[in-house]
Amino acid sequence: MLWRNVAATAPQKAIDKLEQCFWSNGAVSVTVMDAGDDPLYEPGLEEIPLWEEVQVVGLFEDGVNLIALEQQINCLGFRLLHTEEIADRQWEREWLQHFQPVKFGRRLWVCPHELDISEKNAVIIKLDPGLAFGTGTHATTRLCLEWLDASDMGKKSVLDFGCGSGILSIAACLLGAEHVVAVDHDPQALMATRENAVHNDVLGKLTITEPDKVLPPVFDVVLANILAQPLIDSSHILTRLLRPSGDLVLSGIKADQGDRVKEAYRMLPMSAEVTLDGWLMQHYSSHESSNPESVLYAPEPDCPSC
């Protein structure tokens, strides 16, 4: 299978708009670098590039509509630099050369397979994201990982709705969850989740499946790190899948979308809302009985899993 890199430039203050343009058009990875010759593959946590102009490169499947993408880039006021056809998986090994261990909360670490962490009591996720979104460095994923690190997962059942690379599922398993169901509509995401689960020796705790399969009726914890509109569309499903007094964690929400999501989940009391880099995570607690006959089904999101 062939892939395409699409590169465009933007002022530093407009990075988010250009990145979102790529994600919304189906990018499976996005790299930010200086428009000159000083690449920044993985900015430090809570750091932003200081370059006046940046180059943003998106990796897309070969079938991406380049004409429509170029028109959108131009309409947003950005400049398309070039498109490049690349061979399957060439991008992945290059990306991993620049992926360094990152700590979330008190003890949870994400690092590539080639590296290790010597810190006492560290809980280590060995991650190769493959073709699915979710490395832990994006604010939406970081918020979820820090929530998991601070929570008691002991013997709990967990649903990871839109599992992507499987990072949240694996974290829940390593932090003590009894069983985790990882769900995604994207076959690449399910493949990446399975491979990463094998590398982390947690496959025995996982059920990896598509959204239209029958699953256990309710869960102690429901995680959904996708985007605001799919969260709104799935509110009636996710709330029914939550056990009484369970925890519902929603992420992938832009700061100006928080009220819309909150309205969709108004049947549950909100325990916390946390902001990072313009993104929100909302935590709800259930106090009502869930529907024991519920079956998991969700409309397919219009973007890769977050």
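See the structure above.
As the structure is a prediction and not an experimental result, all values here were calculated from the model. (Residues numbered from 1 in each chain as written. Predicted model: local features only at pLDDT ≥ 70, side-chain atom pairs only at ≥ 80, totals over all residues. Heavy atoms only, no water.)

**Student:** Just checking my understanding: could you explain the overall build of the protein for this structure?
**Tutor:** Broken down by element type, the protein carries nine helices and 15 strands. Partitioning the intrachain contacts of the protein with sequence separation of at least 6 by distance along the chain shows that 69% fall at a separation of at least 24. Accessible surface for the protein amounts to roughly 13,900 Å². Of this, 49% is attributable to carbon and sulfur atoms. (Helix = DSSP H or I, 4+ residues; strand = E, 2+ residues; numbered from the N terminus. Contact = heavy atoms within 4.5 Å. Areas by Shrake-Rupley, 256 points an atom, 1.4 Å probe, with all protein chains shown as cover.)

**Student:** Teacher, can you tell me more about the sheet that holds strand S6 (residues 102-104) here?
**Tutor:** By definition, the strands of a sheet pair up through backbone hydrogen bonds, in either a parallel or an antiparallel sense. Read across the open sheet, the three strands follow the order S6-S7-S8; overall the sheet is mixed. Strands at the two margins of the open sheet, each flanked by one partner only, are S6 and strand S8 (123-126). When the angles between neighbouring strand axes are averaged without regard to direction, this sheet yields 25°. Strand contacts of helix H4 (residues 139-150): S6, strand S7 (108-111) and S8, with the helix running at about 55° to S6, the strand carrying the most contacts. (Pairing = 2+ DSSP bridges. Axes fitted to C-alpha atoms, helices over the stretch in contact; angles between N-to-C directions.)

**Student:** Where do I start with the sheet that holds strand S15 (residues 279-285) in this structure?
**Tutor:** Ordered by their spatial adjacency, seven strands build an open sheet running S11-S10-S9-S12-S13-S15-S14, and the pairing between neighbours is mixed. What marks the edges here is a single partner per strand, and that holds for strand S11 (206-209) and strand S14 (270-276). Across the sheet, the axes of successive neighbouring strands diverge by a mean angle of 15°, strand direction being ignored. As judged from the six bridges shared by S14 and S15, these two strands associate in the antiparallel manner. Across the sheet, the residue bridging to Val 274 is Met 281, located in S15. Of the strands in this sheet, strand S10 (179-183) and S11 are in contact with helix H6 (residues 187-199), which crosses S11 at around 160°.

**Student:** Help me understand the packing of aromatic side chains, please; the structure alone is not making it clear to me.
**Tutor:** Two aromatic rings, taken as a pair, are described by how far apart their centres are and by the angle between their planes. Tallying each qualifying case throughout the model produces two aromatic pairs. Taking 5.7 Å as the distance between ring centres and 90° as the angle between the ring planes, the aromatic pair formed by Phe 22 and Phe 60 counts as edge-to-face. Of this pair, Phe 22 sits in helix H1 (residues 15-24) while Phe 60 sits in strand S4 (residues 53-61), placing them 38 residues apart in sequence. The class for Phe 22 is buried, based on a relative accessible area of 0%. A relative accessible area of 1% means that Phe 60 is categorised as buried. Arranged with centres 5.7 Å apart and planes meeting at 35°, the rings of Tyr 265 and Tyr 284 form a pair that is tilted. Here Tyr 265 is found in the loop between helix H9 (258-264) and S14, whereas its partner Tyr 284 is found in strand S15, with 19 residues between them in sequence. (Phe/Tyr/Trp six-rings, centres within 6.5 Å; stacked < 30°, edge-to-face > 60°. Buried < 20%, exposed > 50% of the residue type's maximum accessible area, 1.4 Å probe, protein only.)

**Student:** What's the story with the pairing of S11 in this structure? I'm lost.
**Tutor:** For a regular strand, side-chain orientation follows a simple rule: the groups alternate between the two sheet faces. Note that S10 and S11 share four bridges and pair parallel. Paired with Val 180 across the bridge in S11 is Leu 206. Since S10 and S11 lie parallel, the crossover through H6 that links them has a hand, and here it is right-handed. (Right-handed = clockwise from strand over helix to strand, strands pointing away.)

**Student:** Where do I start with the pattern of salt bridges in this structure?
**Tutor:** Two side chains of opposite charge can pair, provided their charged atoms sit close to one another. Tallied over the full model, the rule gives six salt bridges. Between Glu 146 and Arg 142 there is a salt bridge, and its shortest N-O distance comes to 2.9 Å. Within this pair, Glu 146 and its partner Arg 142 are both found in helix H4, separated by four residues, close to a single helical turn. Judged by its relative accessible area of 11%, Arg 142 is buried. A salt bridge links Arg 266 to Glu 263, with the shortest nitrogen-to-oxygen separation between them at 3.1 Å. Judged by its relative accessible area of 59%, Arg 266 falls in the exposed class. Residue classification places Glu 263 among the partly exposed residues on the basis of a relative accessible area of 46%. (Salt bridge = Lys/Arg side-chain N within 4 Å of Asp/Glu carboxyl O.)

**Student:** Would you take a moment to explain unusual backbone geometry for this structure?
**Tutor:** Its identity is not glycine, yet Asn 121 carries a phi of approximately 65°, on the positive side. Tracing the chain through its elements places Asn 121 in the loop between S7 and S8.

**Student:** Looking at this structure, how should I read the nonpolar core?
**Tutor:** In a soluble, globular protein the nonpolar side chains are often hidden away together inside. Formed by 38 residues in total, the largest nonpolar core has its most connected members in Ile 125, Leu 145 and Leu 148. Beyond its immediate sequence surroundings of up to four residues, Leu 148 is in contact with Met 153, Leu 168, Ala 171, Ala 172, Leu 175 and Leu 223. (Core = buried A, V, L, I, M, F, W, Y, C linked by side-chain atoms within 4.5 Å.)

**Student:** For this particular structure, what's the right way to read the environment of Cys 21?
**Tutor:** Inspection of the secondary structure assignment puts Cys 21 in helix H1. A relative accessible area of 2% places Cys 21 in the buried class. Taking C-alpha positions, Cys 21 is 8.3 Å from Leu 69, a pair spaced 48 residues apart along the chain. Leaving out residues up to four positions away in the same chain, Cys 21 has contacts with Leu 69, Gln 72, Ile 73 and Leu 76.

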